[in-house]
Amino acid sequence: MIKPFSVIIHALRLWWRDWIGMILLNILWFALQIPIVTGPPATVVLYIIAQRSYEDENLEIQELWPLLREMFWPAWRWALPNGVFLGVMAVNLYIYQSAEGIGWQFLRLVWGMLLAAWLALNLFYWPFWLSQEDKSLYTTYTNCGRFFLLNPLPAIILVAFSAILMTVSVLITVPLAAGAVSLLTVVGITAVQGSLARQKEKKE
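So, here's what we can say about the structure. From a predicted model like this one, the values you see are computed outputs, not experimental measurements.

Right, let's get into the overall build of the protein. Broken down by element type, the protein carries 11 helices and zero strands. When the elements of the protein are put in sequence order from the N terminus, they spell out α-α-α-α-α-α-α-α-α-α-α. For 204 residues, the compact-globule formula gives about 17 Å, and the C-alpha radius of gyration of the protein, at 18 Å, lands near that figure. With the C-alpha coordinates of the protein rotated into their principal frame, the extents come out at 55 × 45 × 35 Å. Counting every position in the protein, which comprises 204 residues, the buried fraction comes to 42%. Of the roughly 11900 Å² of accessible surface on the protein, a fraction of 70% belongs to carbon and sulfur atoms.

Considering the arrangement of structural elements, one finds S98 in the loop between α5 (72-95) and α6 (102-123). Taking the C-alpha atoms as reference points, S98 and V159, separated by 61 residues in sequence, lie 29 Å from one another.

Before going further, it helps to spend a moment on the packing of aromatic side chains. Inspection of the entire model under this criterion finds 16 aromatic pairs. Note on Y125 and W126: the rings are 4.9 Å apart at their centroids and 85° apart in plane angle, and the pair reads as edge-to-face. Accessibility assignment for this pair places Y125 and W126 in one class, buried. Clustering of aromatic rings is evident, with ring pairs tying together W78, F85, W118, Y125, W126, W129 and Y141.

So, on to a nonpolar patch on the surface. Residues W16, W19, I20, L24 and I27 make up a contiguous nonpolar surface patch of about 540 Å² in total accessible area. When residues in the nonpolar patch are grouped by element, the largest group, four residues, is from helix α2 (residues 19-33). The topology assignment puts W19 in helix α2. Judged by its relative accessible area of 36%, W19 is partly exposed.

A separate point is the pattern of salt bridges. Scanning the model with the defined rule gives two salt bridges in all. Measuring nitrogen to oxygen at the nearest pair gives 2.8 Å for the salt bridge that ties D56 to R17. Of this pair, D56 sits in the loop between α3 (39-54) and α4 (64-70) while R17 sits in helix α1 (residues 4-17), and the two are 39 residues apart along the sequence. Where R52 meets E63, a salt bridge forms, and the shortest distance between an N and an O atom there is 3.0 Å. With a gap of 11 residues between them, R52 in helix α3 and E63 in the loop between α3 and α4 connect regions that are remote in the sequence. Take E63: its relative accessible area is 25%, and that puts it in the partly exposed class.

This paragraph deals with the packing of α3 against α5. Contact pair α3 / α5: the axes reach a minimum separation of 8 Å and the direction vectors enclose 110°. In this view, α3 runs roughly perpendicular relative to α5, as classed from their interaxial angle. Between α3, through P40, P41 and V44, and α5, the contact on the second element is made entirely by F72, A75, W76, W78 and A79. Residue classes in the contact of α3 with α5 are distributed as eight nonpolar, no polar and no charged.

Calculation notes
- Residues numbered from 1 in each chain as written.
- Predicted model: local features only at pLDDT ≥ 70, side-chain atom pairs only at ≥ 80, totals over all residues.
- Heavy atoms only, no water.
- Helix = DSSP H or I, 4+ residues; strand = E, 2+ residues; numbered from the N terminus.
- Rg over C-alpha atoms; globule rule 2.2 N^0.38 Å.
- Buried < 20%, exposed > 50% of the residue type's maximum accessible area, 1.4 Å probe, protein only.
- Areas by Shrake-Rupley, 256 points an atom, 1.4 Å probe, with all protein chains shown as cover.
- Phe/Tyr/Trp six-rings, centres within 6.5 Å; stacked < 30°, edge-to-face > 60°.
- Patch = residues over 30% accessible without salt bridge, like charges linked within 9 Å, V, L, I, M, F, W, Y side chains within 5 Å.
- Salt bridge = Lys/Arg side-chain N within 4 Å of Asp/Glu carboxyl O.
- Axes fitted to C-alpha atoms, helices over the stretch in contact; angles between N-to-C directions.
- Parallel < 35°, antiparallel > 145°, perpendicular 65-115°, else oblique.
- Contact = heavy atoms within 4.5 Å.
- Nonpolar A, V, L, I, M, F, W, Y, C, P; charged D, E, K, R; others polar.

Set out below in structure tokens:
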């Protein structure tokens, strides 16, 4: 199993090594969410930058636009089913929030757990997608699920860290200054690369 606190410390070091650039990228990412259509590709590009940082490589500013165009359709193939799933869960939880009875309470619990599990899987979706040859949704989510099975407690700790980081960022209303989103991408990349390295060592 991976060591979650080692992953977090390593990710923080990588983020801090170029913290000004990471914050600027965070601001750019946020700006690209506003038109909506550029939001998903911007998220993929942020993960690509995080992976290059993990590999001690730099991304030139002139590479950003070509990457956004290249990742447009892969990003939306991920975003559309996610949007449908999250929309259905959100509508169910909102419409039936006042419904009484044990059955409705159980359903709300199931919906909440499904929503939490889906969001947790998506923290590691793009790190796996970038590292594998088969770029299908099925294969990528299968690898995400396998990651949780191989690293149950570490994965939960990393997801909890990510949730706390985003919650604090929202509450203090300065997620851009904190660079929270860019840090989360580095955490995801670091965790997945560490897990893949351990699996490779076992095979050898």
